[in-house]
Amino acid sequence: MKHTFYKYQGTGNDFVLFDNRDGRYNGLETRVIRRLCDRRFGIGADGLMLLNKHPDYDFEMKYYNADGRESSMCGNGGRSLVKFAADLGIVQTEYRFLAVDGPHEASIELDGNVALRMQDVNEVRHDGSNFILNTGSPHFVHLTDDVMGKDMVRIGRQIRNSPEFEKEGINVNFVEQTREDDEIIVRTYERGVEDETLSCGTGVTAAALVCAHNENGFNRVDVRTRGGRLAVEFDKSGNHFSNVWLIGPAERVFEGIIDF
Ligand SMILES: N[C@@H](CCC[C@H](N)C(=O)O)C(=O)O
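All figures in this text were calculated on a predicted structure; none of them were measured in a lab. (Residues numbered from 1 in each chain as written. Predicted model: local features only at pLDDT ≥ 70, side-chain atom pairs only at ≥ 80, totals over all residues. Heavy atoms only, no water.)

Draft legend 1. Expanded view of the pattern of salt bridges. In this structure the tally under the stated criterion is 22 salt bridges. Note that Arg21 and Asp19 form a salt bridge whose closest N and O atoms lie 2.9 Å from each other. Linking Arg187 and Glu196 is a salt bridge whose minimum nitrogen-to-oxygen distance equals 2.8 Å. In this structure Arg187 comes out as buried when scored by relative accessible area, which is 8%. Overall, the relative accessible area of 15% leaves Glu196 in the buried class. (Salt bridge = Lys/Arg side-chain N within 4 Å of Asp/Glu carboxyl O. Buried < 20%, exposed > 50% of the residue type's maximum accessible area, 1.4 Å probe, protein only.)

Draft legend 2. Summary view of the UniProt feature "active site" (unreviewed entry) in the chain. Here the UniProt feature "active site" (unreviewed entry) sits at Cys74 and Cys200. In terms of the greatest pairwise C-alpha distance, the residues named above, spread along 127 residues, form a tight cluster of at most 7.6 Å across. Those annotated residues lining the largest cavity are, specifically, Cys74 and Cys200. Structurally, Cys74 is set in the loop between strand E4 (59-65) and helix H2 (75-87). (UniProt positions renumbered as here; feature names shortened; annotations may be inferred. 1 Å grid on protein atoms, 1.4 Å probe; cavity = no way out; pocket = protein on both sides within 12 Å on 5 of 7 lines; lining within 4 Å. Helix = DSSP H or I, 4+ residues; strand = E, 2+ residues; numbered from the N terminus.)

Draft legend 3. Summary view of the packing of aromatic side chains. Per the stated rule, a full pass over the model turns up ten aromatic pairs. Between Phe5 and Phe254, the aromatic rings sit 5.9 Å apart at their centres with planes inclined by 85°, giving edge-to-face as the arrangement. On the criterion of sequence distance, the pair formed by Phe5 in strand E1 (residues 2-10) and Phe254 in strand E17 (residues 251-259) is long-range, its members being 249 residues apart. The class for Phe5 is buried, based on a relative accessible area of 6%. When the ring of Phe18 is compared with that of Tyr25, the centres are 4.6 Å apart and the planes differ by 35°; the resulting orientation is tilted. For the pair Phe18 and Tyr25, one class covers both residues: buried. Through successive ring pairs, a cluster of aromatic residues spans Tyr6, Tyr8 and Phe84. (Phe/Tyr/Trp six-rings, centres within 6.5 Å; stacked < 30°, edge-to-face > 60°.)

Draft legend 4. The arrangement of the UniProt feature "binding site: substrate" (unreviewed entry) in the chain in detail. UniProt's entry tags Asn13, Asn65, Gly75, Asn76, Asn171, Glu190, Arg191, Gly201 and Thr202 with the feature "binding site: substrate" (unreviewed entry), counted in the numbering of this structure. In the annotated group above, the largest cavity draws its lining from Asn13, Asn65, Gly75, Asn171, Glu190, Arg191, Gly201 and Thr202. On the secondary structure map, Glu190 appears in strand E12 (residues 183-190). Judged by relative accessible area, Glu190 falls into the buried class, the value being 5%. Contacts of Glu190, omitting those with residues within four sequence positions, involve Asn13, Tyr63, Asn171, Asp195, Thr197, Ser199 and Cys200. With relative accessibility at 3%, the residue Thr202 sits in the buried group. Beyond its immediate sequence surroundings of up to four residues, Thr202 is in contact with Met73, Cys74, Gly75, Met118, Thr135, Ser137 and His139. (Contact = heavy atoms within 4.5 Å.)

Draft legend 5. Summary view of the site of the ligand. Surveying the vicinity of the ligand reveals 16 residues, the closest of which are Ser71, Gly75, Asn171, Gly201 and Thr202. At 2.6 Å from an oxygen atom of the ligand is found a main-chain nitrogen or oxygen belonging to Gly201. Here Thr202 contributes a side-chain N or O atom positioned 2.7 Å from an oxygen atom of the ligand. For the ligand, the protein covers 100% of the area, taking 360 Å² as the surface of the free molecule. Counting atoms within 2 Å of the grid points, the majority share of the ligand lands in the largest cavity. Going through the elements one at a time, E4, H2 and helix H4 (201-210) are the ones with two or more residues in the shell around the ligand. Of the domains in this structure, domain 1 (2-107 + 250-259) and domain 2 (124-238) are the two that each give at least three residues to the shell around the ligand. (Near = heavy atom within 4 Å. Polar contact = N/O pair within 3.5 Å; in protein donor to acceptor, adjacent residues only side chain to side chain. Areas by Shrake-Rupley, 256 points an atom, 1.4 Å probe, with all protein chains shown as cover. Sits in = over half its atoms within 2 Å of the grid points. Domains from an automatic or database assignment.)

Draft legend 6. Structural detail: the side chain of Thr225. Of note, Thr225 is situated in strand E14 (residues 216-225). According to the relative accessible area criterion, Thr225 is buried, its value standing at 11%. Reaching out from Thr225, the side chain makes a polar contact with the backbone oxygen of Leu198 at a distance of 3.4 Å. Excluding its chain neighbours within four sequence positions, the residues that come into contact with Thr225 are Thr11, Val186, Leu198, Ser199, Val204 and Leu230.

The following block contains the structure:
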């Protein structure tokens, strides 16, 4: 059967999207999702999302990694889905949608950037230069002074498959603080893609929280990824992070028709 799909990207983290407001893609098979995300045999993407109808929200977000499995929150995916909602004619000043980690607010700013409110974070585990926290998805954050010189795929795969993390998996972020104390560079190895992606929204958020420069109060951290720039704004009070917003571009790349 022929199906209309939409391809979106947020700082190079790319997604196949389907409008599932009538429920026609409920129960989409793992092998089909994996095939659609395949860069040689399919459309090619880091993940696939369904925009579902929900009685109490503007829409519901369902997210699958490129391996075909439903996963936890995707920050760049959430920002892309807000743009998709707007393109489908769901127009709001403030969007409210439901994702696997709970409700989210979002807005499209005048410059076209999408600001997405992420869940509050109340726990950061810390061991030397390594941090573990959950920003909707689980993240390992390592601080380094040479992020671009790292073999992210090799190191990321090693940490993700280490005995501590192999069962549930984890996303691995290497982070370098630039000369500005409020700017960082982030590279991420994503579980479920099992590769480095050009950007990871929940990973960028985790890295920014770890690199907060204002111990108590408002922080804004500008983030460079291989796929573009994002910003993370939040309030910090000890190990409690609230009003966490991930801000950056998200856009439609193309749409098409595919058989499956
Ligand atoms: N790319 C995403 C994260 C997607 C989920 C991740 N691969 C996982 O399984 O935890 C983002 O932008 O946050």
